[in-house]
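# A look at the structure
What follows is the residue order along each chain.
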Number of protein chains: 2
Amino acid sequence: MATQKRVWLFRDGDKSMRDLLGGKGANLAEMTNIGLPVPPGFTVTTEVCNEYYANGAKMPEGLMEEAKAALADVEAAQGKKLGDPNNPLLLSVRSGAKFSMPGMMDTVLNLGLNAETVESMVKATGNPRFVYDSYRRLIMMLADVAYSADYDHLSKHDFEHMFRDYKSSLGVTDDLEVSADSMKQLCDDYLVHFKKQTGKDFPQDVFVQLQDAIEAVFRSWNNERAFIYRRKEKISDDIGTAVNIQAMVFGNMGDDCGTGVAFTRNPSTGENKVFGEYLINAQGEDVVAGVRTPQPIEELNTYSASLFNEFVAACATLEDHYKDMQDIEFTIEKDKLYILQCRSGKRTGPAAVKIAVDNVNEGRITKEEAIARVDPNLLTQCLLPVISAGAKYDTIAKGLPAGPGAATGIAVFDANRAAELGKGGKGEKVILVRADTSPDDLKGMLAAQGVLTERGGMTSHAALVARGFGIPTVAGCSELSIGANSFTVRATGQVIKEGDNISLNGTLGEVIVGEVPVEEAALSGEFGIFLSWADEIRGKFGVRTNADTPKDTALAIKLGAEGIGLCRTEHMFFEGERRPVVQRMILAENDADRKAALDELLVFQREDFRGIFEVLEGRPATIRLIDPPLHEFLPSLDGLIAEVATLKALGKSDPAKEHLLHEVEGMHEINPMMGMRGVRLSIVFPQIVEMQTRAILEGAALVVKAGGKAVPEIMIPLVGHVNELKFVRERLEATAKAVESEQGVSVDYSFGTMIEVPRGALTADEIAKEASFFSFGTNDLTQMTFGFSRDDSDKFLKPYVEQKILPGDPFESIDQTGVGQLMEIAVAKGKSTNPNIKLGICGEHGGEPRSVAFCHKIGLNYVSCSPYRVPIARLAAAQAALGKGVSDK
Amino acid sequence: MATQKRVWLFRDGDKSMRDLLGGKGANLAEMTNIGLPVPPGFTVTTEVCNEYYANGAKMPEGLMEEAKAALADVEAAQGKKLGDPNNPLLLSVRSGAKFSMPGMMDTVLNLGLNAETVESMVKATGNPRFVYDSYRRLIMMLADVAYSADYDHLSKHDFEHMFRDYKSSLGVTDDLEVSADSMKQLCDDYLVHFKKQTGKDFPQDVFVQLQDAIEAVFRSWNNERAFIYRRKEKISDDIGTAVNIQAMVFGNMGDDCGTGVAFTRNPSTGENKVFGEYLINAQGEDVVAGVRTPQPIEELNTYSASLFNEFVAACATLEDHYKDMQDIEFTIEKDKLYILQCRSGKRTGPAAVKIAVDNVNEGRITKEEAIARVDPNLLTQCLLPVISAGAKYDTIAKGLPAGPGAATGIAVFDANRAAELGKGGKGEKVILVRADTSPDDLKGMLAAQGVLTERGGMTSHAALVARGFGIPTVAGCSELSIGANSFTVRATGQVIKEGDNISLNGTLGEVIVGEVPVEEAALSGEFGIFLSWADEIRGKFGVRTNADTPKDTALAIKLGAEGIGLCRTEHMFFEGERRPVVQRMILAENDADRKAALDELLVFQREDFRGIFEVLEGRPATIRLIDPPLHEFLPSLDGLIAEVATLKALGKSDPAKEHLLHEVEGMHEINPMMGMRGVRLSIVFPQIVEMQTRAILEGAALVVKAGGKAVPEIMIPLVGHVNELKFVRERLEATAKAVESEQGVSVDYSFGTMIEVPRGALTADEIAKEASFFSFGTNDLTQMTFGFSRDDSDKFLKPYVEQKILPGDPFESIDQTGVGQLMEIAVAKGKSTNPNIKLGICGEHGGEPRSVAFCHKIGLNYVSCSPYRVPIARLAAAQAALGKGVSDK
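So, here is what we can say about the structure in this document. Given the structure is predicted, the values throughout are model-derived calculations rather than measurements. (Residues numbered from 1 in each chain as written. Chains lettered and ligands numbered in written order. Predicted model: local features only at pLDDT ≥ 70, side-chain atom pairs only at ≥ 80, totals over all residues. Heavy atoms only, no water.)

## Topic: the overall build of chain A
Put simply, the test is: Only DSSP runs of H or I covering at least 4 residues are called helices, and only runs of E covering at least 2 are called strands; the numbering of each starts at the N terminus. This radius of gyration counts C-alpha atoms alone. The globule rule is 2.2 Å times how many residues there are, raised to the power 0.38. The classification of residues rests on relative accessible area computed with a 1.4 Å probe and restricted to protein chains. Under 20% of the type maximum is buried, over 50% is exposed, and intermediate values are partly exposed. Note on definitions: a residue-residue contact is assigned when non-hydrogen atoms from the two residues lie within 4.5 Å. Computed with the Shrake-Rupley method and a 1.4 Å probe, the accessible areas treat only the protein chains shown as cover for residues. In this tally, Lys and Arg are treated as positive and Asp and Glu as negative; His is ignored, and so are the chain termini. Note that the charge is assigned to NZ on lysines, CZ on arginines, CG on aspartates and CD on glutamates.
The helix and strand inventory of chain A stands at 35 helices and 33 strands. Its C-alpha atoms give chain A a radius of gyration of 32 Å, near enough to 29 Å, the size a compact globule of 889 residues would have. Principal axes of the C-alpha set define a box for chain A whose edges measure 100 × 65 × 55 Å. When each of the 889 residues of chain A is scored for burial, the buried share is 59%. A sequence separation of at least 24 residues applies to 70% of the contacts in chain A between residues at least 6 apart. Per element, the accessible surface of chain A, about 33,000 Å² overall, is 50% carbon and sulfur. Charged side chains in chain A number 96 positive and 124 negative. The centres of these two groups are separated by 2 Å.

Below, the structure is given as structure tokens:
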């Protein structure tokens with residue numbers, strides 16, 4: 001498995017080697033080779049990381065020798081040597097997996113400083129404050145990444161806390177106010193603290209430092225936040241991280257130094273203009289960590305036009321070379337520019353669309369490349385709600401528009417609490433409010449509607465993550481003073497406490513008191529152009545929607561749906577005034593009572609269908625006949641048991657209630673998922689579906705008579721045996737024909753079935769003879785193929801995914817090996833007896849990009865999904881047509 | 001489809017033509033051709049019956065013309081003509097499907113009598129009483145079969161009732177005491193009654209009679225009792241019945257006439273001796289209907305040795321020709337013997353085995369033919385309980401031993417009530433007690449433990465059916481007077497009422513008051529020989545048992561099991577003293593408490609397994625780790641809700657109960673079948689299966705140390721993804737190795753899995769890499785492949801089978817098209833990656849003959865079933881090895 005060569009010099013690699021060198025390493029190699037000013041260095045491959053884990057988390061033998069050989073090359077290039085007391089080389093050690101995982105893994109800077117080299121550095125730079133500041137940082141970082149897991153109180157936070165206390169004792173607040181001597185004292189305090197906690201000295205041997213740092217990067221591959229991030233981003237756990245070791249350059253050697261992060265275009269809006277921030281006299285982590293609020297990149301022009309122009313030129317070179325927007329880290333050391341890193345930049349959905357469209361217009365890429373490049377899931381952000389036009393609201397502060405979209409919820413000041421209360425927890429709407437956010441806050445951010453921070457810029461990790469996941473975010477809002485349980489508006493003294501309602505306008509950076517009305521996003525020009533390209537490319541592979549009302553149908557059509565793939569007729573039964581009628585129908589004790597209730601329902605359903613057909617304007621509508629067990633429409637058994645027991649204990653008697661309990665008990669099922677539902681209901685109680693078929697045909701007839709068109713595709717659910725379909729279809733065809741003759745019009749109707757029971761897929765050849773179409777109900781098919789009750793599977797599915805027993809949740813993305821195999825069997829068998837059968841999918845998978853690609857691959861005619869996922873499906877369908885499985889993971 | 005020739009003369013057919021001519025018709029043709037004295041006739045084919053139904057239940061055009069042509073041939077042979085006023089031919093019209101359905105369809109005798117022919121018959125025979133008796137019967141039968149469905153009060157029962165009243169008015173009880181004049185008067189009364197009910201005359205046109213009778217036979221194919229019988233016997237509804245039209249001969253022309261039914265060997269015991277009954281001066285229906293109790297066939301010898309010898313010779317001819325025991329209907333008309341019908345005789349299980357073995361010993365058939373011939377399901381009867389040896393009981397009456405075996409239950413005097421209360425109803429043990437039984441009582445008989453009748457012989461339909469279905473039956477018990485709600489012992493006046501406990505010893509014909517202790521049958525000599533032949537023939541295709549205790553295991557081994565195919569470890573958890581420990585384990589609030597409970601269970605389970613291994617003496621035991629959801633071991637949620645609600649309403653508080661409710665609520669599942677069970681439990685709560693593995697290995701080690709052998713095959717249930725098996729297997733292998741090392745012995749253990757989730761079958765290639773064996777759990781596989789919850793499916797499965805949506809209950813016999821397809825996929829895929837994998841089945845299908853044949857066909861190594869089905873499986877396996885799908889249907 002392992003390639004012989006475990007350590008690669010930058011000059012020996014290139015950008016195609018992402019698997020082996022990681023994204024960062026491959027790009028450093030590429031940039032080195034296209035002549036950009038990159039400090040020299042080398043990369044330990046991702047395979048070594050896997051070797052490390054396969055080896056029981058032990059450093060592979062001989063690795064350090066190979067590293068030392070590469071180091072000699074770097075030392076030669078820089079004319080310095082690591083640990084040389086006279087002319088020491090300092091190194092940065094950074095993680096770098098194939099896919100970017102910003103801030104999730106560990107970094108060590110200033111490696112090579114020790115008691116001896118510190119002294120020579122002071123001599124060489126004449127800047128003792130800078131040197132001790134660097135040493136302080138090294139001690140803090142190495143202790144944090146390599147020792148804090150095994151010893152207490154060695155985390156970065158602990159050291160930052162010591163520094164803060166120290167600054168307090170000095171009576172200063174800004175780091176720059178701390179003198180060289182004080183910084184030296186702080187280093188000594190750090191070293192004493194380190195020894196106290198570990199019982200040993202901070203490593204003075206620079207090669208021990210190097211080995212510690214490399215191992216720490218490997219270990220950070222499996223830290224909790226990296227693990228969560230990979231789950232969320234569907235990155236495999238097996239690919240490992242590379243380690244990049246590079247000569248240090250310093251942005252914190254004085255006021256002719258600086259460091260920054262920039263994008264070649266605006267990552268929020270996509271605007272074609274360099275966008276970024278830098279800090280004078282600082283190291284990169286100061287920008288990234290968001291502790292100091294940096295200056296916009298344009299200010300560099302004021303400081304030095306030539307430096308700024310050199311930087312802009314470098315950006316252009318990179319864009320031309322990579323043909324995409326790049327995210328760049330740079331450092332200026334004594335007025336010389338160094339590019340430390342470049343990678344494809346994370347961007348919001350709107351930015352991704354605009355950049356793709358602009359790049360096509362600028363002649364840099366083809367439409368197909370543009371379509372292939374955008375992660376379909378990002379499009380959700382283009383549909384993010386905005387504050388309703390004309391709504392009046394009270395903006396109490398403005399910060400940076402770090403993540404677009406509007407959000408409203410209660411203020412929560414702790415990430416864990418936000419996770420508990422928010423999405424995935426109790427489902428409340430929360431806004432996470434923090435002085436600054438760190439990667440540890442990821443879980444809380446994902447659970448929040450929005451994020452608000454006092455510190456941190458547009459490129460802080462928090463902002464990057466927020467944008468990546470489409471969380472409306474206002475960052476660096478220094479007008480607020482954010483504490484542990486409340487925040488204060490500095491100007492007015494207004495206090496907002498945990499639990500108070502606030503809102504954010506992430507698009508404009510506004511912080512608002514109370515709730516605001518939010519509404520749909522307007523679909524921007526580039527969005528429309530982009531999706532029209534997607535439609536061109538996907539060709540005949542269709543996208544429909546799951547919708548049960550005229551309103552949802554209209555929305556979906558606006559978003560590009562070409563028809564309805566699933567209209568759940570029973571959803572219409574749950575609505576307010578209808579439910580009592582449905583209950584009467586179910587509990588009727590004779591046919592006359594049942595018929596009376598059904599006649600009432602007929603009136604409702606006919607209007608429902610008419611409304612839907614009108615909105616569809618001739619587009620097809622696959623309408624599923626009643627599916628759930630009838631007891632779902634009745635009061636719960638548990639509640640009735642308690643009520644009746646209580647009444648009995650009190651000596652009261654309520655015969656009606658007792659009768660209802662008796663009825664509900666009689667209909668109770670042990671496993672309702674596999675009980676009296678779907679086509680089984682239609683066979684045992686045919687009256688309901690006869691009424692529904694009548695309602696569909698009468699609704700369609702009204703539209704046809706009014707000069708319109710209606711194309712109902714009547715779908716019979718849960719068919720496992722051809723005879724079920726045959727039996728019901730024959731009866732319902734009779735009803736349909738009767739309505740046509742009563743109404744004196746012809747309706748373009750057809751009958752088909754869901755394929756959602758394994759036996760349905762296995763005998764699709766027989767079933768296809770009786771069906772005009774199949775629609776895969778992959779929710780139920782997944783339930784039955786795995787034997788996973790979706791209502792109950794949380795308790796084991798979560799551990800399964802965490803323990804890697806399953807690669808992911810099969811209810812999210814189709815299990816292609818198992819469930820997909822059944823689908824392929826059904827497609828092949830279905831076409832064998834009915835070559836013209838129409839094939840679609842209406843499970844929730846129909847809007848999930850990888851599942852869409854699979855559906856395209858196995859030859860379905862269309863996918864169907866909820867209205868808001870229609871644009872995602874359109875793009876995913878186009879990517880599938882381009883032979884692209886998923887974005888690029 | 002239809003063969004050109006729709007009507008076949010007996011002399012043109014032969015016994016190979018059962019499909020076309022039905023069993024009876026083919027045999028009449030065969031007998032005609034081997035020279036037995038068969039009255040001439042012809043057969044209307046089964047295809048015409050299907051044509052009749054395809055034609056919307058209308059008689060096919062031209063059929064009667066074909067029938068008349070054949071009739072001419074019969075008329076020529078007999079020198080008489082149908083309807084000829086001077087010399088009339090009379091006909092019988094009988095049903096006859098491919099498979100015998102005794103008494104289920106209709107018959108018309110004496111066809112051809114009318115006002116004119118009656119007179120000429122009186123002249124010709126000089127026996128007016130006989131002629132009017134025959135006419136009376138014709139009117140009754142034709143009215144019953146051809147008119148009673150459309151008009152009221154024309155059933156056989158109505159006419160019988162008129163006859164009984166008439167006899168009362170005459171002051172006589174015996175039919176023979178009714179004079180010729182009275183009989184003539186009765187005919188007139190019948191004709192008046194017929195006209196009153198129908199508004200038209202009884203058909204005088206003999207061809208109308210013939211057409212009515214043929215159509216009535218066709219219609220009787222779909223009467224309710226025939227339908228129920230076919231369900232039970234798994235006879236297809238599509239094969240139709242033939243109609244046999246034959247010249248009448250008369251057993252009721254005088255005292256030199258008679259009629260009888262006989263078997264060439266004893267159908268209860270298999271003894272090689274002609275067995276049967278006859279009635280002097282009677283028609284066949286008198287014997288069959290059980291109204292008069294007939295004389296044993298041996299008495300014929302007393303009447304006429306030459307007739308008896310002729311009869312015995314005919315029996316021998318038939319046996320030599322058909323090579324099997326035959327069931328014969330015969331008539332003696334004026335001292336001349338006629339054979340009216342022969343067919344393979346229904347027999348009890350013990351008789352079937354003995355006859356098969358005897359026929360081999362007599363050189364008539366081979367062992368293979370003997371094995372192929374016996375319906376495996378019949379073997380159940382060889383295992384029927386008998387009254388415990390030495391038990392004292394009070395025999396109040398003796399009747400005919402019509403169905404072997406002992407039965408005990410409450411007396412029920414109505415067939416519908418028996419069906420309500422008995423098997424398939426409320427599950428009570430009932431004994432159906434009737435003056436006589438008719439085919440209408442079938443449902444009640446099937447629901448009863450045993451049947452007791454006052455009238456009817458060993459060959460009455462009731463007795464035939466009872467024996468066929470293995471229902472212990474005492475028939476013709478004339479010592480009792482059986483009424484509508486009670487019976488009286490004539491000798492003592494003792495009265496037994498509905499609901500009183502009685503018992504039957506069907507083997508000896510004893511009627512017993514109260515309950516008696518019953519015990520296992522001793523396995524007779526022929527039974528052992530027969531099954532040893534089955535074992536020779538089935539070769540390596542194995543038969544194991546499903547057993548959870550040493551006792552069941554010992555029983556199964558006695559019945560021929562070669563090991564355990566399924567030991568359900570959780571069954572051991574349900575037993576008395578263990579359940580509280582299991583509950584403590586489940587509800588433990590900390591690891592220490594849980595461990596303590598598990599340690600207690602370990603002691604129990606170790607002993608369980610040791611006991612089983614000892615009994616097995618080195619045979620393999622497939623032991624399934626815990627499968628059901630844990631809440632099955634706790635009190636029911638509904639009960640707790642009611643209890644707690646009651647306590648609350650009364651102002652009492654029981655925190656322990658409330659806590660328990662809370663816990664049970666927390667574990668409640670919407671669809672427990674697809675919830676936290678099987679391997680999922682093992683992954684989330686590994687302690688239980690670690691304990692179980694330890695118990696298995698420690699139990700095995702104890703046996704090995706004592707010089708024995710133990711071969712545990714540890715089976716992990718509900719695997720759908722290879723990683724589940726891998727994860728659990730790795731952990732449990734570690735436990736197993738630890739026990740081996742602690743105990744210092746080596747145990748021949750292996751790990752495998754159930755294939756019971758569709759995904760498990762679909763990905764069997766991956767799973768087989770981690771498994772030494774697969775065992776198909778076809779109960780769950782059927783549930784998930786169909787999406788049928790077995791707990792809830794009654795409500796739709798019954799209508800499904802009745803409405804022919806499914807050909808049968810897939811939980812009874814494997815659905816080969818769907819579930820079987822998954823099994824074939826799993827076998828092929830499993831062998832592709834693990835050619836030596838051992839394959840078995842442990843669902844309840846493992847003891848069902850057709851399913852056993854399927855398992856053999858797809859290449860499984862063994863089947864496993866409950867102990868009492870082991871002999872059935874051994875025979876079915878042998879038949880499968882002979883290439884025989886099922887008995888002969």
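## A closer look at the interface of chain A and chain B
Let me state the cut-off plainly: By convention, the term buried area covers the 1.4 Å-probe accessible surface removed from two parts as they join, with the contributions of both added. We count a salt bridge whenever a side-chain nitrogen from Lys or Arg sits within 4 Å of a carboxyl oxygen from Asp or Glu. Polar contacts here mean pairs of N or O atoms no more than 3.5 Å apart (in protein, one a potential hydrogen donor and the other a potential acceptor; neighbouring residues in sequence count only if both atoms are side-chain atoms).
Facing the 58 residues of chain A at the interface are 58 residues of chain B. Summed over both partners, the interface of chain A with chain B buries about 4,900 Å², with 61% contributed by carbon and sulfur atoms. Per-residue buried area on chain A facing chain B is highest for A:M674, A:R759 and A:I805; these three make up 13% of the total on that side. The interface formed by chain A and chain B includes two salt bridges. In this structure, B:R759 engages A:D815 in a salt bridge whose closest nitrogen and oxygen atoms are separated by 2.6 Å. Where chain A meets chain B, there are 30 residue pairs in polar contact (both at pLDDT 80 or more). Among the elements of the structure, α24 (637-649), α25 (655-667), α26 (679-684), α28 (722-743), α29 (758-762), α31 (778-786), α32 (794-802) and α33 (819-833) of chain A are those that each provide at least two residues to the side of chain A that touches chain B. Among the elements that take part in the side of chain A that touches chain B, α24(A) stands out by supplying seven residues, more than any other.

## Side note on the sheet that holds strand β16 (residues 406-412) of chain B
Residues and elements named next belong to chain B. The cut-off we apply is this: For two strands to be treated as a pair, DSSP must find no fewer than two bridges joining them. Angles shown run from 0 to 180 degrees and are taken between the N-to-C directions of axes, each axis being a line fitted to C-alpha atoms and, for helices, limited to the stretch in contact.
Here we have eight strands laid out as an open sheet, ordered β14-β24-β23-β16-β17-β18-β19-β15, and mixed in their pairing. The open sheet has two free edges, formed respectively by β14 (395-398) and β15 (400-403), since each of these has just one partner strand. Strand-to-strand twist across the sheet, computed as the mean angle between neighbouring axes with direction ignored, equals 30 degrees. Across four bridges, strand β23 (residues 501-505) lies against strand β24 (residues 510-513) in antiparallel orientation. Considered in β24, the bridge of N505 is made with E510.

## Quick notes on the sheet that holds strand β20 (residues 480-482) of chain B
All names here are of chain B. With antiparallel pairing, the three strands of this open sheet are ordered in space as β20-β21-β22. Of all strands in the sheet, those with a lone pairing partner are β20 and β22 (495-497), marking the two edges. Going across the sheet, the axis of each strand differs from the next one's by a mean of 20 degrees, ignoring polarity. Across three bridges, the pairing between β20 and strand β21 (residues 486-489) is antiparallel. Looking across to β21, one finds that I482 is bridged to F487.

## Focus: the pairing of strand β29 (residues 711-716) of chain A
Two faces make up the sheet, and in a regular strand the side chains alternate between them. All names here are of chain A. With six of six residues buried, β29 is to be regarded as a mostly interior element. The side-chain alternation of β29 yields two buried faces, one formed by V711, E713 and M715 and the other by P712, I714 and I716. Of the strand pairs in this sheet, strand β28 (residues 620-624) and β29 are connected by five bridges, and their pairing is parallel. Bridge assignment links I623 to a residue of β29, and that residue is I714. Where β29 meets strand β30 (residues 750-755), four bridges bridge the pair, whose relative direction is parallel. The partner of M715 across the bridge, within β30, is G752.

## Quick look at the nonpolar core
Basically, it comes down to this: Nonpolar cores were defined as sets of buried Ala, Val, Leu, Ile, Met, Phe, Trp, Tyr and Cys residues, with membership established by side-chain atoms within 4.5 Å.
With 254 residues, the main nonpolar core has A:L379, A:F530, A:M823, B:L379, B:F530, B:M823 and B:L860 as its most contacted residues. Excluding its chain neighbours within four sequence positions, the residues that come into contact with B:L379 are B:V353, B:V374, B:F527, B:F530, B:L531, B:P871, B:I872 and B:L875.

## Concerning the pattern of salt bridges
As enumerated under the stated definition, the model contains 113 salt bridges over all chains in all. For A:E362, the salt bridge goes to A:R265, with nearest N and O atoms at 2.6 Å. Separated by 97 residues along the polypeptide, A:E362 in the loop between α13 (349-361) and α14 (367-373) and A:R265 in the loop between β8 (258-263) and β9 (275-280) bring together distant segments of the chain. On the basis of relative accessibility, which here comes to 35%, the residue A:E362 falls in the partly exposed class. When the shortest N-O distance is used, the salt bridge between B:D237 and B:K804 registers 3.3 Å. Highlighted residues: B:D237 in the loop between α9 (224-233) and β7 (241-247) and B:K804 in the loop between α32 (794-802) and α33 (819-833), separated in sequence by 567 residues. Accessibility expressed as a relative area gives 42% for B:K804, which makes it partly exposed. Each of A:R265, A:E319, A:D320, A:E362 and A:R364 takes part in a single network of salt bridges with overlapping partners.

## Observations regarding helix α31 (residues 778-786) of chain B
Most of α31(B) sits inside the fold, with nine of its nine residues counted as buried. For α31(B), the full list of buried residues reads B:T778, B:N779, B:D780, B:L781, B:T782, B:Q783, B:M784, B:T785 and B:F786.

## Quick word on the relation of the copies chain A and chain B
As a reminder, the rule being used: For the least-squares superposition of copies, only C-alpha atoms count, and only for residues with pLDDT at least 70 in both.
Overlaying chain A with chain B gives an RMSD of 0.3 Å, the required rotation being 180 degrees about an axis along which the chain moves by 0.3 Å. The superposition operator between the copies reduces to a two-fold rotation axis. With an isologous cut-off of 70% or more, the 100% of interface residues of chain A that recur at the interface of chain B puts this contact in the isologous class.

## A few points about the pairing of strand β27 (residues 564-568) of chain A
All names here are of chain A. Most of β27 is tucked away, with four of its five residues classed as buried. Where strand β26 (residues 542-546) and β27 come together, two bridges link them in parallel fashion. Of the residues in β27, the one forming a bridge with N546 is L566. By the bridge criterion, three bridges tie β27 to β28 in an arrangement that is parallel. By the bridge assignment for β28, I564 is matched with A621.

## Some details on the packing of helix α22 (residues 579-587) of chain B against helix α23 (residues 591-616) of chain B
All names here are of chain B. The condition that has to hold: Roughly parallel covers angles under 35 degrees, roughly antiparallel covers those over 145, roughly perpendicular covers 65 to 115, and oblique covers all other angles. Crossing chirality is assigned from the near helix's rotation relative to the far helix, an anticlockwise turn below a right angle marking it left-handed and a clockwise turn marking it right-handed.
Across the interface, α22 lies against α23 with an axial gap of 8 Å and an inter-helix angle of 150 degrees. Compared by their axis directions, α22 and α23 come out roughly antiparallel. Crossing of α22 against α23: the hand is left-handed. Every residue of α23 that contacts α22 at V581, V582, R584, M585 and I586 is listed here: R594, A597, L598, E600 and L601.

## Here's the deal with the state of the cysteines
Applied cut-off: Our working definition of a disulfide is a cysteine sulfur pair at a distance within 2.5 Å.
In this structure the tally under the stated criterion is zero disulfides over all chains. The cysteine A:C855 is free of any disulfide, with A:C842 supplying the nearest cysteine sulfur at 11 Å.

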